[in-house]
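Listed below are the residues making up each chain.
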Amino acid sequence: MNLRSVRKFLRLGELVAIPTETVYGLAANALDPAACARIFEVKERPTADPLICHVPGFDALDAYCHVNERAAQLAERFWPGPLTFILPKKPIVPDIVTAGLDSVAVRSPNHPVFRQLIDGCDFPLAAPSANPFSYISPTLAIHVQANLGNRIDTILDGGPCDLGVESTIVDLRDPDRPAILRYGALPVESIENALQRRFARPEESKTPLSIAPGTLPKHYSPRTQLELRSTPVLEDELSSNDRTAAYLLLRKPPHSLSNHIHWLSENGELESIAANLFAKLRELDSAGYEKIVAEEAPELGLGLAVNDRLRRAAYRGDA
Ligand code: AMP
Ligand code: MG
């Protein structure tokens, strides 16, 4: 389907799955409450979990929220890109998009297909990840097809998502007290260096969960049990005869071992680890293992986003 037809479709209130540089999104006209309600239905997502609104760029924001100097600085430096701002909303944004909050999440993605699409839209696009709520996010069009293919008509294939984890979310409602709400594809250190100041981290946040429900303890989860290791998995364990567990290592092991050993990168580079994470989890989840044993990434840069996803994927409580 060409982009013109896709825009027409969106204007009519239909949903379209679209590629972004982070993960595939399930998009609707953000100013159309009925279309946005369909996103929650299709994903079986609780309506208390607000959606991110995607815009062509900083200039478009004024129509939807109250901008401030901090947002202008960050947009200048990082947009289009994997950085979402939380800002006080204007009344034009429907309640269903913000889960009734008086703030709205906004981002300008940097994927060529997404940009072409949104440049011709006269409305913002509400788009969460195009997967059933709490399952592993999609980084390929076939992931969307596999999970939601029978519920949505149109999936735009833009190839594999380059970054592979969701955007970093910063709360800029109070520009003097900026805070990271979710670790993501833009490393916190890059944001702090650019602005020459520290941002409060999610683990220090006193913000109640209701303002950042993407932070539910269980999320990004395979159906297979996932066990997290904070120290490297040793070769003894890898060479055991137990074939019921898959091992997901951060880097390729020095010798080739058996086919239940998998890795996220050749040399431990965090960019590859993040880019491959969700696709690998999906692959292992459908391979019939009883358990997936995964190594934690180093606690810095993109490693923070990877570990955040892995911890939620491993969460076994009822939440
Ligand atoms: P995603 O599911 O990746 O599209 O991310 C959406 C997430 O953005 C939500 O789960 C929240 O964590 C966050 N979010 C969206 N809107 C708001 C808002 N108004 N205030 C705080 N966080 C928000
Ligand atoms: Mg999601």
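A quick note: this is a predicted structure, and the numbers were derived from the prediction, not measured.

Structurally, the position occupied by Thr168 is in strand E8 (residues 168-171). Judged by relative accessible area, Thr168 falls into the buried class, the value being 0%. Within the local environment of Thr168, its side chain forms a polar contact with the backbone oxygen of Leu186, the two atoms lying 2.7 Å apart. Once residues lying within four places of it in the same chain are set aside, the contact partners of Thr168 are Pro82, Leu83, Thr84, Ile180, Arg182, Tyr183, Gly184, Ala185, Leu186 and Ile191.

Counting residues in each nonpolar core, the largest one holds 74 residues, and the members touching the most others are Leu74, Leu83, Phe85, Val106, Val170 and Ile191. Setting aside its immediate chain neighbours within four residues, Ile191 contacts Leu74, Phe78, Leu83, Thr168, Val170, Ile180, Leu186 and Phe199. In terms of nonpolar packing, the next biggest core, distinct from the first, is built from 14 residues, Val6, Ile18, Leu117 and Phe123 among them.

Another aspect to go through is the pattern of salt bridges. With the rule as written, the count across this model stands at 18 salt bridges. Arg198 is the salt-bridge partner of Glu204, the closest N and O atoms lying 2.7 Å from each other. The class of Glu204 is partly exposed, set by a relative accessible area of 38%. Here Glu283 ties to Lys280 by a salt bridge, and the two come within 3.3 Å at their closest N and O atoms. With Glu283 and Lys280 both in helix H9 (residues 270-285) and three residues apart, the pair spans about one turn of that helix. By sharing partners, the salt bridges in this structure join Glu166, Asp308, Arg309 and Arg312 into a single network.

Parameters at a glance
- Residues numbered from 1 in each chain as written.
- Chains lettered and ligands numbered in written order.
- Predicted model: local features only at pLDDT ≥ 70, side-chain atom pairs only at ≥ 80, totals over all residues.
- Heavy atoms only, no water.
- Helix = DSSP H or I, 4+ residues; strand = E, 2+ residues; numbered from the N terminus.
- Buried < 20%, exposed > 50% of the residue type's maximum accessible area, 1.4 Å probe, protein only.
- Polar contact = N/O pair within 3.5 Å; in protein donor to acceptor, adjacent residues only side chain to side chain.
- Contact = heavy atoms within 4.5 Å.
- Core = buried A, V, L, I, M, F, W, Y, C linked by side-chain atoms within 4.5 Å.
- Salt bridge = Lys/Arg side-chain N within 4 Å of Asp/Glu carboxyl O.

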